[in-house]
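# An overview of the molecular structure
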Amino acid sequence: MSEEYTVTPQRKIGSGFGRDSTAADVIAGIDLTGKTAIVTGGYSGLGLETVRALASAGAAVVVPARRPEHARDVLAAAGLTPATTGGVSVAELEVAELDLADQDSVKEFAAGFLAGPASGPASGAAPGASRSLEILINNAAIMASPERRVGPGWESQFATNHLGHFALTNLLWPALAAAQGARVVALSSTGHKLSAIRFDDINFDAGYDKWRAYGQAKTANALFAVQLDALGRNFGVRAFAVHPGGIMTELQRHLPREEMIAAGWMDEHGKLDPRFKTPAQGAATSVWAATAPALEGMGGVYCEDCDIAEATVPGSPEARVRGVDAHAVDREAATRLWQVSAEMTGINAFPG
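Anyway, here's the lowdown on the structure attached to this text. What you are looking at is a predicted structure, and each value in this text was computed from that prediction instead of being measured. (Residues numbered from 1 in each chain as written. Predicted model: local features only at pLDDT ≥ 70, side-chain atom pairs only at ≥ 80, totals over all residues. Heavy atoms only, no water.)

## Some words on the pattern of salt bridges
We apply this condition: For this document, the term salt bridge refers to a Lys or Arg side-chain nitrogen within 4 Å of an Asp or Glu carboxyl oxygen. By definition, any uninterrupted DSSP run of H or I lasting at least four residues is a helix, any uninterrupted run of E lasting at least two residues is a strand, and each is numbered from the N terminus.
Under the counting rule described, the total for this entry stands at 15 salt bridges. When the shortest N-O distance is used, the salt bridge between Glu-296 and Arg-183 registers 3.7 Å. With a gap of 113 residues between them, Glu-296 in the loop between α10 (284-291) and β9 (301-304) and Arg-183 in strand β7 (residues 183-187) connect regions that are remote in the sequence. Look at the salt bridges and you will find they share partners, linking Lys-277, Glu-304, Asp-305, Glu-318 and Arg-322 into a network.

## Things to note about the sheet that holds strand β2 (residues 60-65)
Convention followed: Strands qualify as paired when DSSP identifies two bridges or more between them.
Taking strand neighbours across the sheet as the criterion, the eight strands line up as β3-β2-β1-β4-β7-β8-β9-β10 in an open arrangement whose pairing is mixed. Bordering the open sheet on either side are β3 (93-97) and β10 (307-308), each of which pairs with just one other strand. In this sheet, strand β8 (residues 238-243) lies alongside β7 in parallel orientation, the contact comprising five bridges. Note on β8: the bridge partner recorded for Leu-187 is Val-242.

## Digging into the layout of surface pockets
To keep it simple, the criterion reads: Here a cavity means grid points, on a 1 Å grid over the protein atoms only, where a 1.4 Å probe fits yet cannot get out; a pocket means an open set of points with protein on both sides within 12 Å along at least five of seven lines; lining residues are those with an atom within 4 Å of a point. Grid points are joined across faces, edges and corners, and a volume is the space filled by probe spheres set on the points.
Space inside the second largest pocket adds up to approximately 380 Å³. For the second largest pocket, the lining is made up of 21 residues, of which Lys-35, Gly-181, Ala-182, Arg-183 and Glu-296 are closest to its centre. Of all the elements in the fold, those that place two or more residues in the lining of the second largest pocket are β8 and α10.

## With respect to the packing of aromatic side chains
Spelled out, the test is: The rule is short: rings of Phe, Tyr and Trp, with Trp giving its six-membered ring, pair when the centres are within 6.5 Å, and they are stacked under 30 degrees, edge-to-face over 60, tilted in between. Exposed residues in this analysis have more than 50% of their type's maximum accessible area, buried residues have under 20%, and partly exposed residues fall in between, with area computed by a 1.4 Å probe over protein chains only.
The final tally for this structure, using the stated rule, is nine aromatic pairs. Ring geometry for Phe-166 against Trp-338: centres 4.8 Å apart, planes inclined by 70°, an arrangement best described as edge-to-face. Placement of Phe-166 in helix α5 (residues 156-171) and of Trp-338 in helix α11 (residues 331-345) is noted, with a sequence separation of 172 residues between them. Comparing Phe-166 with Trp-338, the two get one shared label, buried. In this structure an aromatic cluster arises from ring pairing among Phe-166, Trp-173, Phe-224, Phe-235, Trp-338 and Phe-350.

## Concerning the pairing of strand β4 (residues 135-138)
Neither face of β4 is open: one carries Ile-135 and Ile-137, the other Leu-136 and Asn-138, and all of them are buried. Bridge analysis of β4 against β7 gives four bridges, and the strand direction is parallel. Residue Asn-138 lies in a different strand from β7, and its bridge partner there is Ala-186.

## Brief notes about α5
Owing to its 3.6 residues per turn, the α-helix aligns residues three or four sequence positions apart on the same side. Rules: What we call the bend at a residue is the angle made by axes fitted to the seven residues finishing there and the seven residues starting there. Polar contact is defined as a pair of N or O atoms within 3.5 Å, subject to the rule that within protein one atom must be able to donate a hydrogen and the other to accept it, and that residues adjacent in sequence are counted only when both atoms are side-chain atoms.
By the largest-angle criterion, Leu-163 marks the main kink of α5, which is about 30°. Across the 16 residues that make up α5, a large majority, 15, are buried. Where α5 begins, one side-chain oxygen reaches toward the backbone nitrogen of Gln-157, 2.8 Å away; that side chain belongs to Glu-155.

## Quick look at the packing of α5 against α11
Applicable threshold: Working convention: axes come from line fits to C-alpha atoms, limited for helices to the stretch in contact. Angles between N-to-C directions cover 0 to 180 degrees. Just so you know how the angles are binned, under 35 degrees is roughly parallel, over 145 roughly antiparallel, 65 to 115 roughly perpendicular, and the rest oblique. Contact between two residues is taken to exist if any of their heavy atoms lie within 4.5 Å; hydrogens are not considered. Polarity classes work like this: nonpolar for Ala, Val, Leu, Ile, Met, Phe, Trp, Tyr, Cys and Pro, charged for Asp, Glu, Lys and Arg, and polar for all others, with Gly in that last group.
Interhelical geometry of α5 versus α11 gives an angle of 85° and a closest axis separation of 10 Å. Put simply, α5 runs roughly perpendicular to α11. Note on element contacts: α11 touches α5 through Leu-337, Trp-338, Ser-341, Ala-342, Met-344 and Thr-345, opposite Phe-158, His-162, Leu-163, Phe-166 and Asn-170. A per-class count over the contact of α5 with α11 returns seven nonpolar, four polar and no charged.

## Considerations on the packing of helix α4 (residues 103-114) against α5
Counted only if it meets this: Two helices crossing with the near one rotated counterclockwise from the far one by less than a right angle form a left-handed crossing, whereas a clockwise rotation gives a right-handed crossing.
Between α4 and α5, whose axes approach to 9 Å, the crossing angle comes to 25°. On the basis of the axis angle, α4 is roughly parallel to α5. As for how α4 packs across α5, the hand of that crossing is right-handed. Of the residues in α5, those touching α4 at Gln-103, Val-106, Lys-107, Phe-109, Ala-110 and Leu-114 are Leu-163, Gly-164, Ala-167, Leu-168 and Leu-171. Class assignment for the residues of the contact of α4 with α5 results in eight nonpolar, two polar and one charged.

## Regarding the state of the cysteines
Condition: Two cysteine sulfur atoms make up a disulfide if the distance between them is within 2.5 Å.
Taken as a whole and assessed by the stated rule, the structure comprises zero disulfides. In this structure Cys-303 is a free cysteine whose sulfur lies 9.4 Å from that of Cys-306, the closest cysteine sulfur available. Look at Cys-303 and you get buried, because its relative accessible area is 0%. Cys-306 gets classed as buried once you look at its relative accessible area, which sits at 1%.

## Digging into helix α3 (residues 68-77)
The condition that has to hold: It is the directions from the helix axis to the C-beta atoms that the arc portrays.
Taken together, the buried positions of α3 are Pro-68, Ala-71 and Leu-75. Taken end-on, α3 shows its buried residues confined to a sector of 60°, consistent with a single buried face. The exposed residues of α3 that point more than 90 degrees off its buried face are Glu-69, Asp-73 and Ala-77. Those residues of α3 hidden inside the fold are in contact with α2 (45-56), β2 and β3.

## Brief notes about the pairing of β9
Burial along β9 is two-sided: Val-301 and Cys-303 and Tyr-302 and Glu-304, pointing in opposite directions, are all buried. Two strands pair when backbone bridges link them, and β8 and β9 are joined in this way by four bridges, in the parallel orientation. Looking at β9, one finds that His-243 is bridged to Glu-304. Between β9 and β10, which follow one another and run antiparallel, lie two residues, and Asp-305 among them has a positive phi close to 50°.

Structure, rendered in structure tokens:
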């Protein structure tokens, strides 16, 4: 492919969808037959609705899970099993073990996927051809968790939300490149507004703050999409960061009810703030970024409410809850984070 490309502007394109659109709305009329998707965390909350939408369009879906048997039970209860009758008909649904906080587990999962049968555009190719992966949605995350160290002392939110997905995507690069038009979606959030990348203390060795750690991890997810798109677009691989919106899911499992009430997420009776979305609405932007024809030839941008987001207007009334802050789409920071992540994990599909 040509080495020339145009940087996608960080501004709305008028997608025709919006805050209240659902995953089913944005994927209506799209045919994913013969294509393969991986959705991390695809058995709860947004991930489950994302899998449902992709499967409904004919995709073969792989769901990595830390607890595979639990994931299978949840998917089955949701009517998502191969050749389901009465639920969503899934041509192929695979659950495989993956713990994003464990780099060895990430390597094992990626090796297992790549060793699987060729599918999509690569099907029918000569033996040994790369298995293709048309859609990778890095959806799984932890939020505001108690301090925990994993691997060689890494802070767990950065390690799980960013480094796990960084390693996974790089290890799956042969399959993404083989798809000749793959899309990678990284789940970020307005949490990115809480912290830029702390390059001088990325693991919070000088003192832990659960919300700043979450903010750094979500900024990392956004910057990851910026750099992956820059590195991958000449191979037909485009990347997007997504803010799904506020949704009450298992992501909040580490938060005391009192803290959520104090934050205004719910009242003392447990009634959610009207700004919160349903899981089906929350999954819509991920599915839109992964499949929308309107995004053809675009990438490296942060999306929200089923459109490309506008840049944050500092000091505006909605600066905390809408738009993308400059530090989360900064190209120099994205390049530096990629280099740091490659050094930390020892994995890089784009050396040199």
